[in-house]
Amino acid sequence: MSEPYYITTAISYPNGAPHIGHAYEAIAADVIARFQKAQGRDVRFQTGTDEHGLKMAQAARTEGTDPAIYAEKMSFKFKAMCDALDVNYDRFIRTSEPDHHRASQAIWQAMEANGDLYLGRYEGWYSVRDEAFYEESELTEGEGGKLSPQGTPVDWTVEESWFFKLSAYQQKLLDHYAAHPGFIQPDSRRNEVLRFVEGGLNDLSISRTSFDWGIKVPGGDGAHVMYVWLDALTNYLTGLGYPDGGELFDRYWPADVHLIGKDVVRFHAVYWPAFLMSAKIALPKQIYGHGFLLSRGEKMSKSVGNVVDPLDLAARYGVDALRYFLLREVTFGQDGSYSHEAIVGRVNAELANSFGNLAQRSLSMIFKNLGGVLPGSGEAEEDHSLLETVRTACLVTLPAEFERFAFAAGLEAWMAAVYACNAYVDTTAPWGLKKTDPDRMAAVLGTLVVAIRELAQAVAPIIPGSSAKLIALIDSGEGGQPIAQPTPIFPRLELEEVAAA
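Model, not experiment: these values are computed from the prediction. Chains are numbered independently. Their residues run from 1 in the order of the written sequence. Confidence filtering applies because this is a predicted model: local features only for residues at pLDDT of at least 70, side-chain atom pairs given and counted only at 80 or more, and all residues used for totals across whole chains, interfaces and linings. Neither water nor hydrogens contribute to the side-chain values; these are computed over all heavy atoms in the structure.

Participant: It is not clear to me how the overall build of the protein chain should be interpreted in this structure. Could you clarify?
Facilitator: Each helix is a run of H or I in the DSSP string that is no shorter than four residues. Each strand is a run of E no shorter than two, and both are numbered from the N terminus. Secondary structure summary: the protein chain contains 18 helices and 16 strands in total. Taking 2.2 N^0.38 as the reference for a compact globule, 501 residues should give roughly 23 Å; the C-alpha atoms of the protein chain span a radius of gyration of 26 Å, in line with that estimate. In terms of overall dimensions, the protein chain has C-alpha extents of about 90 × 50 × 40 Å along its principal axes. Within the protein chain, the fraction of its 501 residues that count as buried is 56%. By definition in these notes, contact holds between two residues if any of their heavy atoms fall within 4.5 Å. Taking the contacts inside the protein chain whose residues are at least 6 apart along the sequence as the reference set, 77% of them involve residues at least 24 apart. Reported accessibility uses the Shrake-Rupley method at a 1.4 Å probe radius. Residues are deemed covered only where the shown protein chains occlude them. Accessible area of the protein chain: about 20,600 Å², with a carbon and sulfur share of 50%. Taking the 44 positively charged and 65 negatively charged side chains of the protein chain as two groups, their mean positions are separated by 2 Å. Taken over C-alpha atoms, the radius of gyration is set against a globule rule of 2.2 Å times the number of residues to the power 0.38. Whether a residue is buried, partly exposed or exposed follows from its accessible area with a 1.4 Å probe, protein chains only, as a fraction of its type maximum: under 20%, in between, or over 50%, in that order. In this tally Asp and Glu are treated as negative and Lys and Arg as positive; neither His nor the chain ends contributes. Charged groups are reduced to one reference atom each: NZ for lysine, CZ for arginine, CG for aspartic acid, CD for glutamic acid.

Participant: Would you take a moment to explain the pattern of salt bridges for this structure?
Facilitator: Oppositely charged side chains can pair when the atoms bearing their charge come close. Note on definitions: salt bridges are taken to be side-chain nitrogens of Lys or Arg within 4 Å of carboxyl oxygens of Asp or Glu. As enumerated under the stated definition, the model contains 30 salt bridges in all. The salt bridge involving Arg121 is made with Glu123; its shortest N-O contact spans 3.4 Å. Note that Arg328 and Glu412 form a salt bridge whose closest N and O atoms lie 2.9 Å from each other. Placement of the pair is Arg328 in helix α12 (residues 319–329) and Glu412 in helix α15 (residues 407–428), with a sequence separation of 84 residues. Relative accessible area serves as the criterion here: at 7%, Arg328 is assigned to the buried category. Connected via shared salt-bridge partners are Arg328, Glu329, Arg346, Glu350 and Glu412.

Participant: Explanation requested: the packing of aromatic side chains in the structure shown.
Facilitator: Each aromatic ring pair is summarised here by two numbers: the centre-to-centre distance and the angle between the ring planes. A pair of Phe, Tyr and Trp rings is counted when the ring centres sit within 6.5 Å of each other, with Trp represented by its six-membered ring. The angle between the planes then sorts it: under 30 degrees is stacked, over 60 is edge-to-face, the rest tilted. Per the stated rule, a full pass over the model turns up 24 aromatic pairs. Both rings, one in Tyr24 and one in Phe332, keep their centres 5.8 Å apart while their planes meet at 65°; by these two values the pair is edge-to-face. One end of the pair, Tyr24, is in helix α1 (residues 20–38); the other, Phe332, is in the loop between α12 and β16 (336–338), and 308 residues separate them in sequence. Neither Tyr24 nor Phe332 differs from the other in exposure class; each is buried. Relative to Phe402, the ring of Phe35 lies with its centre 5.6 Å away and its plane at 70°, an arrangement referred to as edge-to-face. With Phe35 in helix α1 and Phe402 in helix α14 (residues 381–403), the pair connects residues that are 367 residues apart, well separated along the chain. Across this residue pair, the class does not change: Phe35 and Phe402 are buried. Note on criteria: charge over ring means Lys NZ or Arg CZ within 6 Å of the ring centre, with the direction from the centre no more than 35 degrees off the ring normal. Sitting above the plane of the Phe196 ring, Arg266 keeps its charged end 3.9 Å from the centroid.

Participant: Can you walk me through the sheet that holds strand β9 (residues 184–185) in this structure?
Facilitator: Where strands meet in a sheet, backbone hydrogen bonds hold them as pairs that are either parallel or antiparallel. Taken in spatial order, the six strands of this open sheet run β3-β2-β1-β13-β14-β9, and their pairing is parallel. Of all strands in the sheet, those bounded by a partner on one side alone are β3 (91–94) and β9. What makes two strands pair is DSSP finding at least two bridges between them. Two strands pair when backbone bridges link them, and strand β2 (residues 42–49) and β3 are joined in this way by four bridges, in the parallel orientation. Directly across from Thr47, in β3, lies its bridge partner Phe92. Structural elements are reduced to axes, namely lines fitted to C-alpha atoms, with helices fitted over the stretch in contact, and the angle between N-to-C directions of any two is expressed from 0 to 180 degrees. Packing of helix α3 (residues 67–84) onto the sheet brings it into contact with β2 and β3, and relative to β3 it is tilted by some 160°.

Participant: When you look at the confidence of the model for the protein chain in this model, what are you seeing that I'm missing?
Facilitator: Detailed reading of the predicted coordinates is not advisable wherever pLDDT is low. Looking at any residue, its pLDDT shows the predictor's confidence there, from 0 to 100. Here the protein chain shows a mean pLDDT of 94. Residues at 70 or above account for 97%. Ignoring residues within four places in sequence, the model shows residues 497–501, a span with pLDDT below 50, making eight contacts including any to other chains.

Participant: So what exactly am I meant to see when it comes to the environment of Gly120 here?
Facilitator: Along the polypeptide, Gly120 turns up in strand β4 (residues 117–127). Of the residues examined, Gly120 reaches a relative accessible area of 23% and is grouped as partly exposed. Spatially, the C-alpha atom of Gly120 lies 72 Å from that of Thr447, the residues being 327 residues apart in sequence. When neighbours within four sequence positions are excluded, Gly120 is seen to be in contact with Glu160, Ser161 and Phe163.

Participant: It is not clear to me how the nonpolar core should be interpreted in this structure. Could you clarify?
Facilitator: One broad trend across soluble globular proteins is that nonpolar side chains are buried collectively. Core analysis: the biggest nonpolar cluster contains 90 residues, and Phe355, Trp414, Leu448 and Leu455 have the highest contact counts within it. Val128, Trp213, Val225 and Leu230 belong to the second largest nonpolar core, which has 77 residues in total. In this description, a nonpolar core means a group of buried Ala, Val, Leu, Ile, Met, Phe, Trp, Tyr and Cys residues linked to one another through side-chain atoms lying within 4.5 Å.

Participant: I keep staring at the sheet that holds strand β5 (residues 132–134) and nothing clicks. Help me out?
Facilitator: The sheet built from four strands is open, its strands ordered β5-β4-β8-β10 with antiparallel pairing. Taken across any chain shown, the strands that pair with only one partner, and hence form the sheet edges, are β5 and β10 (204–205). In this structure, β4 lies alongside β5, joined through three bridges in antiparallel fashion. Along β5, the bridge assignment pairs Tyr126 with Phe133.

Following this line, the structure appears as structure tokens:
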């Protein structure tokens, strides 16, 4: 049986419509999942929505509706986004589902049985927007009051609360980080977490009594609901059948990677492993905190008015073109920027003009000059040299880069192979060989067909729809059957057709 691989995204908080940042993470996780499947792994991919907490209760109240109804409506938008962007998840989990309630209460009880929970009184700074507690030393003064490290307002909160003995896990966490250097990636995130934990950990408030939209603390009087992050993080276990265990849990846990945004690294790399240690559950193998996607260098926010609907971008440019741009343009793990000009420029230069045109003109020459029958590849030195270049890029360099989530570097190597193919076309000039050397023309075109198929296969995790279409056209010519007339897979984009952003 093939080796298992379990990847998750952070589940999205659906108190607002999905934006391009949500799409970026979902697409990246889908690319990783598809790539690992292509390497022969048995992949499970989970995403979903985090539906409890004060923010959701407040958003529902603003709309004059029940939180459960609001969560249903908003969760549907995130699922629809994933489906529209060709994000091929195995489970789209919702934290309002009954099996998740049971899993969250089970991990609570496991932590309680380990002696790590106690009832006390919480007094401190809390950000409703982040659903996070902050120390005084982490805050800054801003317009209207104190702000969290994320720039969100904080309020002084006083209420009875259950606490988790996070302080007891400081050294255990540091020992784990030291024994597993790749546990938190990239290194910049690891260094941030190390500094935070080395600075000392306080016990963590893990229940609230000021609202009731959440999972009830088990065994109590019903006044306490779980801290939304304990509830949310447990989704990674719920999706595998925790607490019952069974085939999914036994096969896929611990997770290979939790793919998350850099703003939630603390929750995943400090609180989550401590919860798991307490519950005596194996820790995930890696927490990977990617950077933000910025609009023309600015963080997206409703107040600035630069929040973009990813489905609008997909409708404008095409799903595969958007997927390609996001993974090609940004060095994964770092912040990156996008604009309409950048998308159009990148897609036209690399997909339409280079790869798309290579496939279109090569297959069109076969359709026109060889009756659509695909010829065999050539045996000349330049033919073998080209295929070696393509195979090195597609079977060695790109996989090695994708394995470490260096998508831009992998696609750089892929594009170099595309450029090599176009240079080969220019050098061999097959259009001029029809009368002078038709056998050589056929050999050149046959070599290009082999190269194009391997290029399409290698980039399929990024542009699955377009690659499948191109591969299907080539494979339809097996056994000497003529292929259909090819059509461009990447039409050129026009910037003037879109509004300035």
